[in-house]
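Read off the chains here:
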Amino acid sequence: MTHERCDDDSKPACRVLVGDETVHTSLPGQGSNTSLVFTEVNPTGVRVDGLWGQVFSDANMARAVRQVVANRGAPGVDAMTVDVLSEWFEVSWPGVYGSLLEGSFKPQSLCRVEIPKPGGGRRMLGIPTVVDRVIQTAIAQVLVPIIDPGFSDSSFGYRPGRSAHQAVQTAREYVADGFGWVVALDLDRFFDRVNHDMVMARVARRVADKRLLKLIRAFVETGVMVDGVKQPVTQGTPQGSPLSPLLSNLMLDDLDQELERRGHRFVRYADDVWIYVSSQRAAVRVLNSVTVWVEKRLKLKVNRHKSTVGLATKVMMLGFGFLLRNGTVQVRVAPEAVRRMKARIRRLTSRSWGVSLSRRLSILNRFIAGWVAYFSLADTPSLFTRIDQWVRRRLRQAQWDAWKNNQTRVRELYKLGAPSRAIYVAVTRPGGQWRASRSVALNQALTNRWWVDQGLSTFADHYQRHRHT
């Protein structure tokens, strides 16, 4: 196997020689439905050279700018926003590209941001500047189609054409096939612990372009700005970087290959791994052996307190769980996901949130649509109906409170057609707004139809639409 180098950036394409066969790789948008025609790209296979020109072609850079603008995102340490990116690019990009060609380009420090994790604790994000995001996006747009096809079919996280739903469906099939015990492997602070030399070695298995490798390493080793002071980074691939998903999948591809070599049925989504086996004894043995392998070979740390062994119907994954019904394995929404959803609904229907009803429903509808779009995979329609009943009661409570006093409540309930006796009971019965929200008067005045007329979307309607499509 040999390579023909393409050091001339003006060349429209480069070639990779595999044995006696020449495989051409073309620039994005030139004569093919795909941006590249690939060779085999496994750790012992072909390393692709001459990618610099493809990364920094006009077409690829324009696409990268559009992607960064579409993604929005927070500004980096230079405070530049995506709103001015297109204008900046036309004026200033030639100078930046000149520094890239000279090898003098240095990425700016990452902006350190902490966000709460769903299960508690804080997740550290590193936000690159807008310009650095464009360059990383341009690199990812060329490398992902080359590298991603070599990844395991059991890897689903942050990959084109793959989703969390596919991961859950694959796991469901394993459980249905009799693998009813699961090892849930938790990699402790994976994104903060990745060894730079190890991840770059894995990039170099696929990429031979030395200039591109040097640039990727510069992004990997970019420091972070904390309280105005730049701090160096000796390990980790900070979440928030466009290259981070690809680099993390590269690092964990070794784990995928090891699990496949051992014949395990597993699902990996980013740094979350679930391994399905047929017995508790086998699960304990697999947890111990895989933990040793990960810590010895990948120099990562397995969180032994969070890694678990359990029945597949008890262990949650990606917001879902499984249940056995009528001899079949079905998908359900994890209880923790329901609790987080209700916490969000409570904020959106809070009596102390002083917004108009139309504004409240508009924001609530967007949340409902997004939540159901993800959790419609669940085979539990009754859950969505129960949630709707609870949401309408929360809204009736908020509306009762918005009427402020009994005089206004009586007037509004009369206008909405509630019976006189029911109105009298509602305004005189002791108790707070939550008890009043169940009153006959409010239920007959603020009917399900009334809420639909006001513009409220329902969980059940969204669920049925997604299931039918």
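Residues numbered from 1 in each chain as written. Predicted model: local features only at pLDDT ≥ 70, side-chain atom pairs only at ≥ 80, totals over all residues. Heavy atoms only, no water.

Student: Is there a simple way to explain the overall build of the protein in this structure?
Tutor: Counting secondary structure elements, the protein contains 19 helices and 13 strands. The proportion of buried residues among the 469 residues of the protein is 50%. Of all intrachain contacts in the protein linking residues separated by at least 6 positions in sequence, the fraction that spans at least 24 positions is 70%. Summed over its atoms, the accessible surface of the protein is roughly 22900 Å², and 49% of this surface lies on carbon and sulfur atoms. (Helix = DSSP H or I, 4+ residues; strand = E, 2+ residues; numbered from the N terminus. Buried < 20%, exposed > 50% of the residue type's maximum accessible area, 1.4 Å probe, protein only. Contact = heavy atoms within 4.5 Å. Areas by Shrake-Rupley, 256 points an atom, 1.4 Å probe, with all protein chains shown as cover.)

Student: I'm lost on the packing of helix H11 (residues 335-348) against helix H13 (residues 381-402) in this one. Help?
Tutor: Where H11 meets H13, the axes come as close as 11 Å, and the angle between the chain directions of the two elements is 25°. With respect to each other, H11 and H13 are oriented roughly parallel. Crossing of H11 over H13 shows right-handed handedness. Between H11 and H13, the contacting residues are Val338, Met341, Lys342, Ile345 and Arg346 on the first element and Leu383, Ile387, Trp390, Val391 and Arg394 on the second. Its residues placed into classes, the contact of H11 with H13 shows seven nonpolar, no polar and three charged. (Axes fitted to C-alpha atoms, helices over the stretch in contact; angles between N-to-C directions. Parallel < 35°, antiparallel > 145°, perpendicular 65-115°, else oblique. Left-handed = near helix turned anticlockwise from the far one by under 90°. Nonpolar A, V, L, I, M, F, W, Y, C, P; charged D, E, K, R; others polar.)

Student: Would you explain the pattern of salt bridges in this entry?
Tutor: Between side chains of opposite charge, a pair can form when the charged atoms approach closely. Within this structure, the stated rule accounts for 20 salt bridges. For Arg340, the salt bridge identified is with Glu336, shortest N-O distance 3.8 Å. With Arg340 and Glu336 both in helix H11 and four residues apart, the pair spans about one turn of that helix. When its relative accessible area of 37% is taken as the criterion, Arg340 is described as partly exposed. (Salt bridge = Lys/Arg side-chain N within 4 Å of Asp/Glu carboxyl O.)

Student: Explain the sheet that holds strand E9 (residues 265-269) here, please?
Tutor: Strand pairs in the sheet, formed through backbone hydrogen bonds, run parallel or antiparallel to each other. Spatial strand order, E9-E10-E6-E11: four strands in an open sheet with antiparallel pairing. Looking at the sheet topology across the chains shown, the edges are occupied by E9 and strand E11 (308-311). Pairwise comparison of adjacent strand axes, ignoring direction, gives a mean angle of 20° for this sheet. Sheet topology note: the strand E6 (residues 181-186)/E11 ladder contains four bridges and is antiparallel. From the neighbouring strand, Trp181 faces E11, where its bridge partner is Leu311. Along the sheet, helix H5 (residues 164-176) makes contact with E9 and strand E10 (272-277), crossing E9 at roughly 165°. (Pairing = 2+ DSSP bridges.)

Student: What exactly am I supposed to notice about the environment of Gly240 here?
Tutor: Mapped onto the elements of the fold, Gly240 is located in the loop between strand E8 (229-231) and helix H9 (244-261). Residues Gly240 and Gly126 lie 114 residues apart in sequence; the distance between their C-alpha atoms is 5.4 Å. If sequence neighbours within four positions are ignored, Gly240 has contacts with Gly126 and Pro128.

Student: Explanation requested: the packing of aromatic side chains in the structure shown.
Tutor: For any pair of aromatic rings, geometry is given as the distance between the ring centres together with the angle between the planes. In the structure shown here, the tally under the stated rule is 17 aromatic pairs. Between Tyr158 and Tyr269, the ring centres sit 5.8 Å apart and the planes meet at 55°, which makes this aromatic pair tilted. Of this pair, Tyr158 sits in the loop between helix H4 (130-147) and H5 while Tyr269 is found in strand E9, placing the two residues 111 residues apart along the sequence. Between Tyr174 and Tyr276, the ring centres sit 5.9 Å apart and the planes meet at 50°, which makes this aromatic pair tilted. Here the residue Tyr174 occupies a position in helix H5, and Tyr276 occupies one in strand E10, the gap between them amounting to 102 residues. Each member of the pair Tyr174 and Tyr276 is classed as buried. These aromatic residues form a ring-pair network of at least three members: Phe320, Trp371, Tyr374, Phe375, Phe384, Phe459 and Tyr463. Stacked on the ring of Trp434, the Lys or Arg Arg393 has its end atom at 3.7 Å from the ring centre. (Phe/Tyr/Trp six-rings, centres within 6.5 Å; stacked < 30°, edge-to-face > 60°. Lys NZ or Arg CZ within 6 Å of the ring centre and 35° of its normal.)

Student: Please explain the environment of Ala167 as it appears in this structure.
Tutor: You can see Ala167 is positioned in helix H5. The exposure class assigned to Ala167 is buried, which follows from its relative accessible area of 0%. For the pair Ala167 and Ser155, spaced 12 residues apart in the sequence, the C-alpha separation amounts to 7.9 Å. Those residues in contact with Ala167 that sit more than four places away from it in its chain are Phe156, Val267, Tyr269, Met317 and Leu318.

Student: Would you explain the confidence of the model for the protein in this entry?
Tutor: Do not read the fine detail of predicted coordinates wherever pLDDT is low. Averaged over every residue, the pLDDT of the protein is 87; the share at 70 or more is 87%. In this model, residues 1-45 is a region of pLDDT below 50 whose contacts with residues beyond four sequence positions or in other chains number 85 contacts. (pLDDT = per-residue confidence, 0-100.)

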